[in-house]
There are 4 protein chains.
Amino acid sequence: MQIGMVGLGKMGMNMARRLLQDGHEVVAYNRSPAQTDALAKEYGGAIAAHTLEELVEALEPPRLVWLMLPAGQIVEEHIVLFTNLLSRGDVLIDGGNSRFRDDIRRARQLKKHGLHYVDAGVSGGIWGLEIGYCTMVGGERDMFELLTPLLTSLAPENGFMYCGSHGAGHFVKMVHNGIEYGMMQAYAEGFALLDGSEYGKGLELSELAKLWNQGSVIRSWLLELTENALERDPHLINIAPYVEDSGEGRWTVEEAVRSAVPAPVLTLALMERFRSRQSNSFADRLLSALRNEFGGHAVRSAEDGAADD
Amino acid sequence: MQIGMVGLGKMGMNMARRLLQDGHEVVAYNRSPAQTDALAKEYGGAIAAHTLEELVEALEPPRLVWLMLPAGQIVEEHIVLFTNLLSRGDVLIDGGNSRFRDDIRRARQLKKHGLHYVDAGVSGGIWGLEIGYCTMVGGERDMFELLTPLLTSLAPENGFMYCGSHGAGHFVKMVHNGIEYGMMQAYAEGFALLDGSEYGKGLELSELAKLWNQGSVIRSWLLELTENALERDPHLINIAPYVEDSGEGRWTVEEAVRSAVPAPVLTLALMERFRSRQSNSFADRLLSALRNEFGGHAVRSAEDGAADD
Amino acid sequence: MQIGMVGLGKMGMNMARRLLQDGHEVVAYNRSPAQTDALAKEYGGAIAAHTLEELVEALEPPRLVWLMLPAGQIVEEHIVLFTNLLSRGDVLIDGGNSRFRDDIRRARQLKKHGLHYVDAGVSGGIWGLEIGYCTMVGGERDMFELLTPLLTSLAPENGFMYCGSHGAGHFVKMVHNGIEYGMMQAYAEGFALLDGSEYGKGLELSELAKLWNQGSVIRSWLLELTENALERDPHLINIAPYVEDSGEGRWTVEEAVRSAVPAPVLTLALMERFRSRQSNSFADRLLSALRNEFGGHAVRSAEDGAADD
Amino acid sequence: MQIGMVGLGKMGMNMARRLLQDGHEVVAYNRSPAQTDALAKEYGGAIAAHTLEELVEALEPPRLVWLMLPAGQIVEEHIVLFTNLLSRGDVLIDGGNSRFRDDIRRARQLKKHGLHYVDAGVSGGIWGLEIGYCTMVGGERDMFELLTPLLTSLAPENGFMYCGSHGAGHFVKMVHNGIEYGMMQAYAEGFALLDGSEYGKGLELSELAKLWNQGSVIRSWLLELTENALERDPHLINIAPYVEDSGEGRWTVEEAVRSAVPAPVLTLALMERFRSRQSNSFADRLLSALRNEFGGHAVRSAEDGAADD
């Protein structure tokens, strides 16, 4: 099957490779041409397009164009550009981490131009090339069926699913990432407790992660990654305690608030990431200031005094 | 190898079977004799002991006695009983969910009688018979080595580990369960959001759990169990929203507090279980009462008024 | 000073009374006329308007119109209506709990019609009549100055403030309510612990609230209200554990997420309110189901078994 | 009335002064004699004791000895010392922040020696001299009645209370401090949001705190202290974001866990203090490491790529 792939980053490049390996024809475009050319030169490689116009011309209608771009403004811009470049009946797939509410709006706008829009939530990260990408699809069902040969190549066995109408793919992916934040935080707190308690001091944490992956209740792929990370750097001394977040964790919290569904753990996991990026917390300074206000000087000598409030 | 197994509940019974399957000799005791006799009658079965004295007599010194009892008073009582029944050089293993601080005390006391004490944290639940039990061991290292043939039979490949001196096995198991609570809560909140949001309404949640187990970042054994549970009862209508906790989640929080290591997600996961068991929360009644105090009657008609505070 | 007051609910009615008591001329309107007429009949009462047109006609330009309506669609509708009824130079004040982002948009739209917009966050609830309303004002500074005589009558001494340009009043009020949720939850949890612990069983909680208001660190107006509520109903047996939330707590969380400022306690306080309204939590059912999946039946007899995982 | 005061720190010194001002006779002891002598030299001052023996001798039986020492080992040591120094019928009062479980044990032990034990939770901090100390008393009721003249002098009007048998005073004080942590955190998060959001940038936070103390729902003594702190240092630039905790917040969490009463906000407030003291969080490093494991390099250029998972 023929497809245009726009964006050859860590995700898009390997997704293109999986498609090529399965015999699909990939017309590839990336803003900086080095990746495009590299992919074209690989064995059984892609057809290089150096402009979006070239990409559109190289595809036969009805064209399938898969956007694999960082979420946000860049996706929006490309959708505007393709609205003008594509023809009635063509299909635009957004495989990035867009907000599902944007999908609903975009699908409506593109429909006015006779274009189909599909939202695809894609999980798997840099391991997807080998294992396949778990893919959650939203949009018209017949578009999902049209894409099935490509999804079959991209995903592991049983690894793609039609989740519902426009936005459903990214909605499900959003919740997936919310859960991911919560799970990661659970592991992080547990290992931090082992690291920080006198009773866990002697443990080789990577060996423990490995052990727990053998039959314990908490075995998981994230725990396998924990094993790898701790094997490489047992005390994580080369890693800064600075944790980014992408939009999806935030949207999960916002949707929980909108739906009035409590999600305390998913929310706290997000907020801990915010906290990790603060070097001089105002809240903590105020707490410390207040303790001084009611209890006197912060530094007390044991022999002098009593209860500080 | 020969071992005495005390307690043939869901865990102990199947652990005995795994040992028997591997050719070990198991002398088995259970308070109610039905299980003991059942196990004795199985092909290649155990030697039945109907009293602790019989069990001790049936074992050759140095005796290995594995306690697989519910955590708490019952374990304590059996340790006292065996202190009197066993002889110098014998080994008592506690495979239940004891608190690691108890292990340290018990080991010291048993040592005075010339007895060895080993604490073993065992994970795997009812799936352990088939998959093996992930086992975390604390105590003297040469006792761990002595037990290795048994642990090899009990655990999956690479599924047991020496964690350190007395208490280390249960300490590690405690943190394991703390993480387990956090992970379970993360999944529970995510699926509840899917269930409670208008955008997730049409989804078949068991299919989604299945999908996510194919290559997604959040794939895990707990997610496989989620798949099973949702397949059997897609909307969980036959399940009460009442969640028990065992001691280990609580101890994890207590140790986090003692060590001053923040563990907000593990803690909240525990407290959500407490919350699930409250049918008429005093805190919520007070909140509601306070809203009345400052804002007037709880019921307001839209046409009448404004901000309630 | 002359002002039109639209909305005579629990807040608007008493605010009108405070203005009347200070000699201001109030033209009053309420959707259902009973309140309007009641207010007109009071000593030194308001001028009754039974339509918005009557209200506008009764006011001399530049007109001041204060909306005291429930947040949401109703406010939006009235702003549209007044956009058509008012004349260049008139001032529309929204004293309800609107979202500050709406203020920014409204101010821009009203400016096109030559109208001024002021957002006023008002706190004090049903006690405001007696104590005065703490008022946080956003908009053009000269409009704030124009309103000062009215604000002086509405608020206690030093109880109003110019917070910044459009939206600033409601932004500050939003954070105020976020803090309010957190404080209320802190008290609620503390008293619930006293109620739920064996060591707090004998305590007369209303007396304790009263005690704590005498010189303790946690004394506050909310604690005085707690005292009142517990005096009236010592065990809160007539109150349902069902806690509403208004928009402001939710927006606080959303703004925290947007600004990447951690606000775990404010967020949890909100989510506890969501939780209070769930009678059959899906999350808890899934947790319970999962425990069954790995640990076997939920009901275990003490004599039979061991660790459930 | 005559009393011995042991420990002249920030609390004990001022408590002695309040007692002296009301005409009580205070025999004072402090480990370092400077405070003792200073207090003795004040107008209407105390009788100086330079050893515990001197203190005991200067008191007439039945002696009242009030310990105002930092919680922990020092209190324990003094109780042992006084067990030997005091005579049958004497009364030992612990006014520090002891754990209520210790009170129960101590009362039992002292009773064997014919000594009475009273636990008194005291709140008010450095403001107590002026305002009085809110005092929560546990022990035998007739001891409470015996102490009433002293408590009347120490506390503001209606500011002391009999809370129940041994431990009840410190139990109630413990919950008080738990609530205090939650309230402080609520304010801290709210002000941090004002500080961290673009919409709060121009606000003078001390003025806002002052405003909120005039009639708003969240007015409180802690908010008055916030006002003071922000007036002195508007951006808190001279304060380190490092927040200590004393034992009582921790015990509150432990008791919540023991009683299975959810206290998420009180708990998080404590854990945020732990967090404030971490300069290189292991949990955050693991989170960051995991993001690298599944998503590739942390630094991505916008033009290259897409979704990181």
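Criteria and thresholds
Residues numbered from 1 in each chain as written. Chains lettered and ligands numbered in written order. Predicted model: local features only at pLDDT ≥ 70, side-chain atom pairs only at ≥ 80, totals over all residues. Heavy atoms only, no water. Pairing = 2+ DSSP bridges. Helix = DSSP H or I, 4+ residues; strand = E, 2+ residues; numbered from the N terminus. Buried < 20%, exposed > 50% of the residue type's maximum accessible area, 1.4 Å probe, protein only. Contact = heavy atoms within 4.5 Å. Salt bridge = Lys/Arg side-chain N within 4 Å of Asp/Glu carboxyl O. Buried area = accessible area lost by both parts, 1.4 Å probe. Polar contact = N/O pair within 3.5 Å; in protein donor to acceptor, adjacent residues only side chain to side chain. Nonpolar A, V, L, I, M, F, W, Y, C, P; charged D, E, K, R; others polar. 1 Å grid on protein atoms, 1.4 Å probe; cavity = no way out; pocket = protein on both sides within 12 Å on 5 of 7 lines; lining within 4 Å. Points joined across faces, edges and corners; volume = space filled by probe spheres on them. Domains from an automatic or database assignment. Least-squares fit on C-alpha atoms with pLDDT ≥ 70 in both. Right-handed = clockwise from strand over helix to strand, strands pointing away. pLDDT = per-residue confidence, 0-100. Axes fitted to C-alpha atoms, helices over the stretch in contact; angles between N-to-C directions. Parallel < 35°, antiparallel > 145°, perpendicular 65-115°, else oblique. Left-handed = near helix turned anticlockwise from the far one by under 90°.

Caption draft 1: Representation of the sheet that holds strand E7 (residues 134–138) of chain D within the structure. Residue and element names in this part refer to chain D. What the eight strands build is an open sheet, ordered E3-E2-E1-E4-E5-E6-E7-E8; its pairing is mixed. Edge positions in the sheet fall to strand E3 (47–48) and strand E8 (160–164), since each of these pairs with one other strand and no more. One ladder, built from five bridges, connects strand E1 (residues 2–6) with strand E2 (residues 25–29); its direction is parallel. Bridging from a neighbouring strand, Gln 2 pairs with Glu 25 of E2.

Caption draft 2: Looking closely at unusual backbone geometry. Cis rather than trans, the peptide bond between Pro61(A) and Pro62(A) has omega equal to -10°. As for its placement among the helices and strands, Pro62(A) is situated in the loop between helix H3 (52–58) and strand E4 (64–67). In the Ramachandran plot, Leu236(D) falls in the positive-phi region, its phi being about 50° despite a non-glycine side chain. Within the element layout of this structure, Leu236(D) appears in the loop between helix H10 (221–232) and helix H11 (247–259). Take Leu236(D): its relative accessible area is 1%, and that puts it in the buried class. Although it is not a glycine, Ala260(D) adopts a positive phi angle of roughly 55°. Topologically, Ala260(D) is positioned in the loop between H11 and helix H12 (264–276).

Caption draft 3: Looking closely at the interface of chain A and chain C. Facing 22 residues of chain A, the contacting portion of chain C comprises 22 residues. Remark: the boundary between chain A and chain C carries zero salt bridges. Elements represented by at least two residues in the side of chain A that touches chain C include exactly helix H11 (247–259) and helix H12 (264–276) of chain A. It is H12(A) that contributes the most residues to the side of chain A that touches chain C, seven residues altogether.

Caption draft 4: Local environment of the interface of chain A and chain D. At the junction of the two partners, chain A supplies 82 residues and chain D supplies 82 residues. Each partner contributes to the roughly 6700 Å² buried at the junction of chain A and chain D, and carbon and sulfur atoms together form 62% of this total. Taken together, the connections running from chain A to chain D amount to four salt bridges. Where chain A packs against chain D, one counts 14 residue pairs in polar contact (both at pLDDT 80 or more). Of all the elements, helix H13 (residues 282–295) of chain A adds the most residues to the side of chain A that touches chain D, at 14 residues. Looking at the side of chain A that touches chain D residue by residue, the classes come out as 38 nonpolar, 24 polar and 20 charged.

Caption draft 5: Quick peek at empty space enclosed by the protein. A full pass over the atoms with the stated rule returns 10 cavities of 30 Å³ or more. Estimated volume of the largest cavity: approximately 210 Å³. Glu272(B), Arg275(B), Glu272(C), Pro262(D) and Pro264(D) are, among the 19 residues lining the largest cavity, the residues nearest its centre. Of the residues contributing to the lining of the largest cavity, the split by class is 11 nonpolar, three polar and five charged. In this structure, the second largest cavity occupies an estimated 140 Å³ of space. Around the second largest cavity sit Leu268(A), Met271(A), Glu272(A), Arg275(A), Pro262(B), Pro264(B), Pro262(C), Pro264(C), Leu268(D), Met271(D), Glu272(D) and Arg275(D), which together line it. Of all elements in the fold, only H12 of chain A together with H12 of chain D reach the threshold of two or more residues within the lining of the second largest cavity. Counted by class, the lining of the second largest cavity contains eight nonpolar, no polar and four charged residues.

Caption draft 6: Here's a closer look at the domain arrangement of chain A. Residue and element names in this part refer to chain A. If you check the domain split of chain A, you get domain 1 (2–165) and domain 2 (174–276). Each of domain 1 and domain 2 has a C-alpha centre, and the two are 30 Å apart. The partner domain 2 presents 11 residues to the 10 residues of domain 1 that form the contact. By the criterion of area lost to domain 2, the three top residues of domain 1 are Asn 97, Arg 99 and Trp 127, representing 55% of everything that side buries. On the surface where domain 1 and domain 2 come into contact, there are three salt bridges. In this structure, Arg 99 and Glu 254 form a salt bridge, with 3.1 Å as the shortest nitrogen-oxygen distance. On the surface where domain 1 and domain 2 come into contact, there are four residue pairs in polar contact (both at pLDDT 80 or more). For the side of domain 1 that touches domain 2, the per-class residue count stands at four nonpolar, four polar and two charged.

Caption draft 7: Fine view of the relation of the copies chain A and chain D. Expressed as a screw transformation, the operator carrying chain A onto chain D has a rotation angle of 180° and an axial translation of 0.0 Å, and the superposed copies differ by an RMSD of 0.0 Å. Look at the turn and shift together and you get a two-fold axis relating the two. A high fraction, 100%, of the interface residues of chain A reappear at the interface in chain D, so the copies pair face to face through one surface.

Caption draft 8: Representation of the pairing of strand E1 (residues 2–6) of chain B in the model. Residues and elements named next belong to chain B. When you tally the buried positions in E1, you get five out of five residues, the bulk of the element. Chirality of the crossover, the property in question, places the unit of E1, helix H1 (residues 10–21) and strand E2 (residues 25–29) among those that are right-handed. Where E1 meets strand E4 (residues 64–67), three bridges bridge the pair, whose relative direction is parallel. Opposite Gly 4, over in E4, you have Val 65 as the bridge partner.

Caption draft 9: Seen up close, the confidence of the model for chain A. Model confidence for chain A is summarised by a mean pLDDT of 94, while 96% of its residues fall at 70 or above. Note on residues 299–309 of chain A: pLDDT under 50 across the span, and 44 contacts to partners over four residues away in sequence or across chains.

Caption draft 10: A look at the packing of H13(A) against helix H8 (residues 168–196) of chain D. The contact between H13(A) and H8(D) brings their axes to 8 Å, and the two run at 130°. Overall, the two elements H13(A) and H8(D) adopt an arrangement that is oblique. The handedness of the crossing between H13(A) and H8(D) is right-handed. Facing Phe282(A), Ala283(A), Leu286(A), Leu287(A), Leu290(A), Arg291(A) and Phe294(A) of H13(A), the residues of H8(D) in contact are Glu180(D), Met184(D), Gln185(D), Tyr187(D), Ala188(D), Glu189(D), Phe191(D), Ala192(D) and Asp195(D). For the contact of H13(A) with H8(D), a count of residues per class yields 11 nonpolar, one polar and four charged.

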